[in-house]
Amino acid sequence: MMDIADSAPVEASGPTETMILLPATDIVILPGTVLPLSTGRADAVLALQEAARTDQHLVVVLQREPFVETPGIRDLHAIGTEVRLLRYFTGREGSHNAIVQGVGRLRLTGMATTAPYPSVTVQRIEEPHERTPDIDARGHQLRERALDLLRLVDQAPAEIAATIRSVEAPGALADFVAGLLDLTPFEKQEILETIALLPRLDRVITRLAYRYEVLRLSSDIGQQTKAAMEGRQREFLLREQLKAIQKELGESDGATPELDDLKRKLDQAGMPEDVAAQANRELRRLTQMPEGAGEAGMVRSYLEWLTELPWQIAEKPPIDIALARRVLDEDHFGLEKIKRRILEFLSVRKLNPDGKGPILCFVGPPGVGKTSLGQSIARAMVRKFVRVSLGGVHDESEIRGHRRTYVGALPGNIIQAIRRAGERDCVVMLDEIDKLGSGGFQGDPASALLEVLDPEQNATFRDAYLGVPFDLSKVLFIATANMLDTIPGPLRDRMEVVSLSGYTAEEKLTIAREHLIPRQLKENGLTPETVDLDDDALTLIIEGYTREAGVRSLERTIGAVFRNVAMRVAEGEVAQVHVNAAEVEGILGPRRFESDVAQHASVPGVATGLAWTPVGGDILFIEASRMPGTGRLILTGQLGDVMKESAQAALSLLKTRAVAMGIDIDLFTQKDVHVHVPAGATPKDGPSAGVAMFAALASVMTERAIPPTIAMTGEISLRGLVLPVGGIREKVIAAAQAGIKTVMLPARNRRDYDDIPLSARTSLDFIWLETIDDAIAPTIGTYGQSG
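Draft legend 1. Just the pattern of salt bridges, in detail. Here the structure, examined in full by the defined rule, presents 33 salt bridges. Of the charged contacts, one joins Arg 285 and Glu 282 as a salt bridge, the two residues approaching to 2.9 Å between their closest N and O atoms. Of the two residues, Arg 285 and Glu 282 are both situated in helix α8 (residues 273–287); the distance of three residues between them amounts to about one turn of the helix. The exposure class of Arg 285 is partly exposed, given its relative accessible area of 33%. The partner of Glu 496 in a salt bridge is Arg 341, and the shortest N-O contact between them spans 2.5 Å. Of this pair, Glu 496 sits in strand β13 (residues 495–499) while Arg 341 sits in helix α11 (residues 336–351), and the two are 155 residues apart along the sequence. Given a relative accessible area of 27%, Glu 496 falls into the partly exposed group. Salt bridges sharing common partners tie together Arg 105, Glu 127, Asp 175 and Arg 200.

Okay, structure coming up:
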């Protein structure tokens, strides 16, 4: 128990009590007042929750220094307020709020507890009740001054005046009026610590008189401002009369040429009738405004936006499918299915220009060419291309625009993009649509996009800034995303998904030769005669220094090699450089990636699985071990619920086949089994590791090692069936790049075999699994063999 070193000379009566403490940094609650509180401190939140649960009163005390996070008794004022918790609730942003009512004054005598929330020992301070002529006179003056102050406040609630009239006790009246005044916390604390009635009334009357004078002067200033505004209106009328006189006399006005130019642009914009009528109304308003009026600039900016938008569609030649095919082949290597789907899309557009075709959404890992495909489509259609980045957009106004009532308001990104393009039939790429921010108090941008991407609705799209319909039906929208899971269902339903997979090493080699190396040569000021990067060096860069589905990191790494060459050429050290594999290691350092198979030792309990990630395929190792125990299954590696269930199903399936596989059934009750998936910092989930889980458990129980060159994927059922999974193309590509020789896939995924690149098909052996029995012989041998 700590005693207060600096307490106010206040008489306290009654026994010592223990109450929950709520330290305050910027608020003082006077007895009889009702105020809201908000806190984010963990101990204060616990204190509020405890008071709400047990219906206890709290003591609110102002801190001497607001920046102290965990105040002790010496950090608090000696006098606090006993409060009653009227309501406790949490806000949207995680804040904790309460509404409390002051009950009486308390004197702190010591600190009782500090955890989990602070509590203090207190004594109640009795409110004085003496009535003398001096006290009654001051109470009467305080009441009249407070009512006079309320008359100066616009729309002051009548209940406040009624309360002031009804309060009889001078002390309670002083506390109530002081709670209404705009005082600093320390001024209110001074009144709280003044127990005697006469000095307390004097202090409140002094503060009240000062606030009354401030409001009276503010009211006088407002009246003067109003008179000045009336004078400006009179000046406006006189100026308008002057304009009329000048017009009759044939004299020119300086603002007329600018307005005439604006009217000429409006007439030439080719707007629909309803839009033109709205524009002319705004133009008439502008001509009637004084030249220096603040709203004139807003109206002028609005009219300029209307004149700069492409309301008409220019005649375009029909789409040339042969040109489109040539453009796609020039800009992109491979992607045959994607190119065929784009050509089908363009063919339908050519045959039915007014049709409402689907909106394409390219989904794939970073760096596989989604954005450049959109640019190629625009080039093939001879249309302007604009890109709208949606990553991180969390405000509906970014799509629909801001209302013109706001200062600095602008149209949304869609209208701005069309203005940049200068054509109403342009190609608009909605980039990173899967990274739209979630809806909040600012609205949901994904919901705003529903109208934009619906061909049945977007012909009358209404931007909040424009306030008139704008036809988006001729705009070709193309979206890109890395994954579909984060795109809301109604938005995904409006698009046709076109999936792009990662590239094989051979495809990356060709892409680097045809696209990346020429671009990096140009950017680094080199020529093909200056530097020669041979195939061995390029293969080393692909396999040893990059591991990605796309080619962005590959291009950056090639750029790093060329920058080193450029430095040597610029210094005059060499005139021509041949870069081989040894040269690459000298420039880039040791290899960053080794074959994953090399990391897999041939020990029992380790199986190689295949995984799909948003950035392409990958391999992962499933490690199992057994130890003395009671038959528990231990799972680690930050596994999701579905993956944990796969491990449990694999163990149950192994138990049903234990006798046939020559496994001692007592092992399952006398040993604990631990399954771990390395890279523990990375979350993992999904059912496709079921086969690998079973193989790892079977391997550790039979003590037979699985060959490290075998990888597998597939979901299992308790009946032993191997069920199909997704991402086969990406998984097989990852297996080939990692040095795997044999992959085991669900038999029902044979339909995906044609999607696998030819290079991967020829370098791998495939085993198709109907049941889990098909996976046992290639991994741990046939039934009945001893471990």
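Draft legend 2. View of the nonpolar core. Leu 303, Leu 430, Ile 433 and Phe 477 are the most contacted members of the largest nonpolar core, which has 56 residues in total. In terms of residue count, the dominant contributor to this core is helix α9 (residues 294–308) (six residues). Once residues within four sequence positions are removed from consideration, Ile 433 is found in contact with Leu 390, Leu 449, Leu 453, Ala 479, Thr 480, Ala 481, Ile 487, Leu 491 and Met 495. Grouped together as the second largest cluster of nonpolar side chains are 52 residues, Ile 319, Leu 346, Phe 362 and Val 577 included.

Draft legend 3. Fine view of the sheet that holds strand β19 (residues 671–676). The sheet built from seven strands is open, its strands ordered β18-β19-β17-β16-β20-β23-β24 with mixed pairing. A strand with exactly one partner marks an edge of an open sheet, and here the two such strands are β18 (633–636) and β24 (765–769). Averaged over all neighbouring strand pairs, the angle between strand axes comes to 30°, with direction disregarded. Summarising the sheet, β18 and β19 pair through four bridges and their orientation is parallel. Along β19, the bridge assignment pairs Thr 636 with His 676. The strands touched by helix α23 (residues 690–702) within the sheet are β16 (606–613), β17 (616–628), β19, β20 (710–712) and β24, with β17 carrying the most contacts at an inclination of about 30°. Against the sheet, helix α26 (residues 773–780) engages β20, β23 (742–746) and β24, with an angle of about 140° to β24.

Calculation notes
Residues numbered from 1 in each chain as written. Predicted model: local features only at pLDDT ≥ 70, side-chain atom pairs only at ≥ 80, totals over all residues. Heavy atoms only, no water. Salt bridge = Lys/Arg side-chain N within 4 Å of Asp/Glu carboxyl O. Helix = DSSP H or I, 4+ residues; strand = E, 2+ residues; numbered from the N terminus. Buried < 20%, exposed > 50% of the residue type's maximum accessible area, 1.4 Å probe, protein only. Core = buried A, V, L, I, M, F, W, Y, C linked by side-chain atoms within 4.5 Å. Contact = heavy atoms within 4.5 Å. Pairing = 2+ DSSP bridges. Axes fitted to C-alpha atoms, helices over the stretch in contact; angles between N-to-C directions.

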